[in-house]
Amino acid sequence: MLARYLSAIACLGVVAACAHPRLGTGGAGVPTTGGGEAPKQAVNEACVLSTGAVTAHKATITIGLTEAVDPRDAPLPRNDAERLVFRHLYETPVRLDCQGHATPQLAEEWVRDDGGRRWTFRLREGAQFWDGAPVTAQDVVFGRGGPGYTLSALETRVVTVSLAKQSDDLPPALSDWGLAVTKAAPDSSWPIGTGAYWATSATTTAQEIRAHSARGDTLVFRMATSGDARDLLDAVDLLVTRDVALRDYAATLKDMSVVALPWDRTYVYVTAEAGGTRFDGLEQSVRAEARRADGGFWWLDLRACGSSGSSISPPAASGQHRIFYVRSDPTARELAGRLAALTHGVATPRSADDFNDAIMAGHDWGYVLALPRFTADQCRTAKELLPTWPATITALVDTRPTAIVRRGVARWATDLDGTLHLVP
Amino acid sequence: MSLRTRLLSAFGVVVLIPLLVFGLGIRREMAGRVTGEVQRRVDALVGVINADIARENDRIAPRLAALKSAILADNRLYSDVVHAQDRGYVLDYAGSAMHLAGLDFLQIQDGEGRVVSSGHFRNEFDRLGPQARGLTLVRANAAEGPFLALVTSDSVRVGSQTLRLIGGVAVDSAFLSRLARDPELGVALLLPDSSLADSNAFVVGERRLPYVDAVDGPGREEQARLVVTRSSAMMTALERNVNLWFAAAVLVAALVALLVAGWLSTRISQPVEAGMRDMERRIAIGDLARQVNHDVKNGLAPLRNVFRHLSQVARDKPADLAQVFTERQGTVESSINYLETLAANYAKLSPQPERKATDVNAVVRETVAGSSVVRTKLTDGLPLVSADALVLRRIIENLVSNAVDSLDGKSGTVTVTTERGSGVVRIAVADSGRGMSKAELDRAFNDFYTTKPGGTGLGLSIVRRLVLDSSGSLNVETEPGKGSTFVIELPAQ
């Protein structure tokens, strides 16, 4: 076994020759106090939004947010706004670009071994936390892992991923938000990350989050405090929205480009009722850009997670046919309303936390739930979002967000899960 | 049962029964007036409800008319409806229109009654909506559950389609509160097969409304009722209060009546009872007099016969007079003995005085002891008098009693004074009462004369006789309004 590890390390020395064809490499970062700068990675131009040429580098880029961002959620985003912010603050070992290609993040090199049952990768040279502490393999593996894969620290900067099944491709789980490396910051509401930008409680107010980089540039995440996101468009360089009215308004602004992002969210109807129901025409029910839910859904087969075929009895729904949804999600509200109209139920709003408690308890008739179309770790996502009781999950509609981008300011690219990020 | 008690009972019955009847009558009249007043208020409230509902209809109808104009002027809506293009715009149309029109309920239905656009529930499209003819109460669905709305309808022709507009306002607790303008009356909505939720309330008025339950479909027209309610608890409390006050009033009136009746019965019964006692006393005396008369006559009759016989003999046969006298002497003596025996027997009816040396001051003290009205001025060292102490006490008691009575219950003084006289002991009983006139004084010592209610009229007559029996004298000094002084002199030993 040791010989295999040694050979793998030797392979890393000649990484260009030994790396997987989808190998991503990054340039050496320059550690700085307060944050470790991410490497300048090769960017898949296919994933870069077509918003015109960038003519001048802008030191401060302003991004509008239409949803709340809670640092306590970091590094696992719970909405589009958190996804956008966390993507720039926290790093996973790799990211999957919009075409599914692995790109280096904390891991700058990796090698496949043992017929694809083991993957070994080296952490980026100079990778460090915002406070200057170096990122070690132990920081990556501690407390992490999941069904089907095991993480172990081989050396200070070398991590191995052992898979239950062999894989020809880099395990997508390495790009999962759950593997983002953080550590607690006793004097800050934000966990300390390793991303190119850093934020602390001192740079965070109710109106905006200022994230700084070692290069001296700043991302300003500005909240739509007035409640009307159109007010933001005059002052921001990027706004991601699912509101088609806002999209249509932005399309009338000459400085803005409107770009549809990937279909990244599927709304499902979760109920204890057996059999499921097909609901037609739901895309008319929502004001977001929507289509009939399509494709193979990751939640259909969770056997590898050990949660399929749960022995827990389905909870009994009683009383009114209440259909729960998260109050802050307008698309969920509209879908719940339509389902209520079709099933003679009652659409019932809940806060995000209460909704999560309700769906886990399963005492009500049904739940309209937003699921990511893609997840790097199905088991973690299922554990977080789906009930443990045997539910019938009916896909309703797919939705996608729209990026409203100021022309000529910055380049933006999307990941496979639809997350938008600044191209370095 | 005494006369006073009988009178009191009679007064009670005579006063209390009318009082009770009067009170019941007042209570009944008051209840009738209260009921009438409440009914007038109920009628007024029903009128207000009718006016408010009519006003709501008058408010909704123009808004629907304005909406018709807006629909006809909206080319995009026309295009989307006629050519079935952007359904999203149609679906959103009613929501915006509803808010702009200030309505809570708005459905745009097609010719079949299917919802084309809904303002209160965007995603209920394609369902069959309610058919409202005129002002109708509709139970409709919203995403968050059913709600009630008061709606009316209108229609507009767009291309070849006729769209029906059904708009209205929500009927919720605030709506009902606005109708309930009388704080003591409530307004509730009773749907078919429902009853009042408040078991303490009862219906006193109502307004019927056409009602359609469109939660599970277009529904059919039934009748709902807007009812005016009153709290039975409030009425119970009011009734209890009225009864309480009524009972208190009757009780107080009864007490007052009983007091008045008691006073009146006393005022009436006292002189009557005194008169009756006087009459009984006079009857007893009359009986005694008749008996004495009879007995004396019985004793005198033989004497009269003997005397007539002797007179006849003396006239006709004077020579036989001595012989006849001798013959009849026994009869005379027998009659005399009878009369003496009779006198002795009558004498036994009154106690015989036992005269002996008596201390006047001691007798006076014993007589007036315990009286708070009578004062004494007794001279020490008085000689004893020869008199019966009981007789002397009776004399003083009579005089003191008369003196106290003469005060007529007013403040005044009665004073008993003793002093030594020339060979006599003088006892004076003086009062500051009403005194006597000359005419009254002249008759004061006559038997059966009295000025006191219930008096026998024998008191002073007896006093004078007892004083004379004791070898004493009695004098009176009196003046009307200033009082009287009776002075007795008894010979000292």
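What you are looking at is a predicted structure, and each value in this text was computed from that prediction instead of being measured.

Q: Describe the overall build of chain A, and please don't skip the residues or the numbers.
A: If you tally the helices and strands in chain A, you get eight helices and 23 strands. When the 424 residues of chain A are sorted by exposure, 47% land in the buried category. Here the analysis covers contacts within chain A between residues at least 6 apart in sequence; of these, 70% occur between residues at least 24 apart.

Q: Now, about the overall build of chain B: what can you tell me, with residues and values included?
A: Each helix and strand counted, chain B has ten helices and 15 strands in total. In chain B, which comprises 493 residues, the proportion classed as buried is 25%. Expressed as a percentage of contacts within chain B between residues at least 6 apart in sequence, the contacts between residues at least 24 apart total 63%.

Q: Can you break down the sheet that holds strand S10 (residues 374–377) of chain B residue by residue, with the values?
A: All names here are of chain B. Spatially, the five strands line up as an open sheet ordered S10-S12-S13-S15-S14, and their pairing is mixed. Each edge of the open sheet carries a strand with a single partner, namely S10 and strand S14 (473–479). Across the sheet, the axes of successive neighbouring strands diverge by a mean angle of 15°, strand direction being ignored. Of the strand pairs in this sheet, S10 and strand S12 (residues 414–420) are connected by four bridges, and their pairing is parallel. When the sheet's bridge partners are listed, Arg375 is paired in S12 with Thr415.

Q: For the pairing of strand S13 (residues 424–431) of chain B, give the residues involved together with the corresponding values.
A: Residues and elements named next belong to chain B. Summarising burial for S13: six of the eight residues are buried, a large majority. Of the pairings in the sheet, the one linking S12 to S13 comprises seven bridges and is antiparallel in character. Bridge pairing links Thr418 to Ile427 in S13. Joining the antiparallel neighbours S12 and S13 is a turn of three residues, in which Gly423 adopts a positive phi near 70°. Where S13 and strand S15 (residues 483–491) come together, seven bridges link them in antiparallel fashion. Its bridge partner being in S15, Val425 is matched across the sheet by Leu490.

Q: Pulling in residues and values, what's your account of unusual backbone geometry?
A: With an omega of 5°, the peptide bond running from Ala74(A) to Pro75(A) counts as cis. For Pro75(A), the location among the structural elements is in the loop between strand S3 (60–65) and helix H3 (80–89). One non-glycine residue, Asp126(B), lies in the positive phi region at around 75°. Residue position: Asp126(B) is located in the loop between strand S2 (115–118) and strand S3 (136–142). Asp126(B) gets classed as partly exposed once you count the C-beta atoms within 10 Å, which come to 13. The phi torsion at Asp193(B) lies on the positive side, around 65°, for a residue other than glycine.

Q: Give me the interface of chain B and chain A: which residues, what numbers.
A: At the interface, 13 residues of chain B touch twelve residues of chain A. The dominant element in the side of chain B that touches chain A, judged by the number of residues it contributes, is helix H3 (residues 87–101) of chain B, at three residues. Residue classes in the side of chain B that touches chain A are distributed as three nonpolar, four polar and six charged.

Q: Kindly report on the sheet that holds strand S18 (residues 346–350) of chain A, identifying the contributing residues and their values.
A: Residues and elements named next belong to chain A. The six strands lie next to each other as S16-S20-S15-S19-S17-S18, forming an open sheet whose pairing is mixed. Looking at the sheet topology across the chains shown, the edges are occupied by strand S16 (290–292) and S18. Shown here is a sheet whose adjacent strand axes are inclined to one another by a mean of 35°, direction ignored. Of the strand pairs in this sheet, strand S15 (residues 265–271) and strand S19 (residues 366–372) are connected by seven bridges, and their pairing is antiparallel. Bridge assignment links Val268 to a residue of S19, and that residue is Leu369. Packing of helix H7 (residues 352–361) onto the sheet brings it into contact with S15, strand S17 (322–326), S18 and S19, and relative to S17 it is tilted by some 135°.

Q: Account for helix H10 (residues 459–469) of chain B, with residues named and values stated.
A: Residue and element names in this part refer to chain B. Listed as buried for H10 are Gly459, Leu460, Val463, Leu466 and Val467. An end-on view of H10 places all buried positions within 125° of arc, on one side of the element. Those residues of H10 that are buried are in contact with helix H8 (389–406), helix H9 (438–444), S14 and S15. Where H10 ends, the next residue or the one after it, Ser471, has phi of about 65°, a positive value.

Q: I'd like a rundown of the environment of Gly296(A), residues and numbers included.
A: Residue and element names in this part refer to chain A. If you trace the backbone, Gly296 turns up in the loop between S16 and S17. Among the residues examined, Gly296 registers 6 C-beta atoms within 10 Å and is labelled exposed. Sequence separation between Gly296 and Arg373 is 77 residues, and the spatial gap between their C-alpha atoms is 9.2 Å.

Q: For the packing of helix H1 (residues 3–73) of chain B against helix H5 (residues 232–316) of chain B, give the residues involved together with the corresponding values.
A: All names here are of chain B. Running from N to C, H1 and H5 point in directions that differ by 155°, and their axes come no closer than 8 Å. Put simply, H1 runs roughly antiparallel to H5. The handedness of the crossing between H1 and H5 comes out as right-handed.

Q: Give me the lowdown on the packing of H5(B) against helix H6 (residues 321–347) of chain B, citing residues and values where you can.
A: All names here are of chain B. Direction vectors running N to C along H5 and H6 enclose 165°, while the axes themselves pass 10 Å from each other. Compared by their axis directions, H5 and H6 come out roughly antiparallel. When you trace H5 past H6, the crossing you get is left-handed. Residues Val292, Asp295, Gly299, Pro302, Leu303, Val306, His309, Leu310, Val313 and Ala314 of H5 pack against Leu321, Val324, Phe325, Arg328, Thr331, Val332, Ser334, Ser335, Tyr338, Leu339, Leu342 and Tyr346 of H6. A per-class count over the contact of H5 with H6 returns 15 nonpolar, five polar and two charged.

Calculation criteria
Residues numbered from 1 in each chain as written. Chains lettered and ligands numbered in written order. Predicted model: local features only at pLDDT ≥ 70, side-chain atom pairs only at ≥ 80, totals over all residues. Helix = DSSP H or I, 4+ residues; strand = E, 2+ residues; numbered from the N terminus. Buried ≥ 20, exposed ≤ 12 C-beta atoms within 10 Å, placed from the backbone. Contact = placed C-beta atoms within 7 Å. Pairing = 2+ DSSP bridges. Axes fitted to C-alpha atoms, helices over the stretch in contact; angles between N-to-C directions. Nonpolar A, V, L, I, M, F, W, Y, C, P; charged D, E, K, R; others polar. Arc of directions from axis to C-beta. Parallel < 35°, antiparallel > 145°, perpendicular 65-115°, else oblique. Left-handed = near helix turned anticlockwise from the far one by under 90°.

Interpretation in functional terms is not warranted from these geometric data alone.
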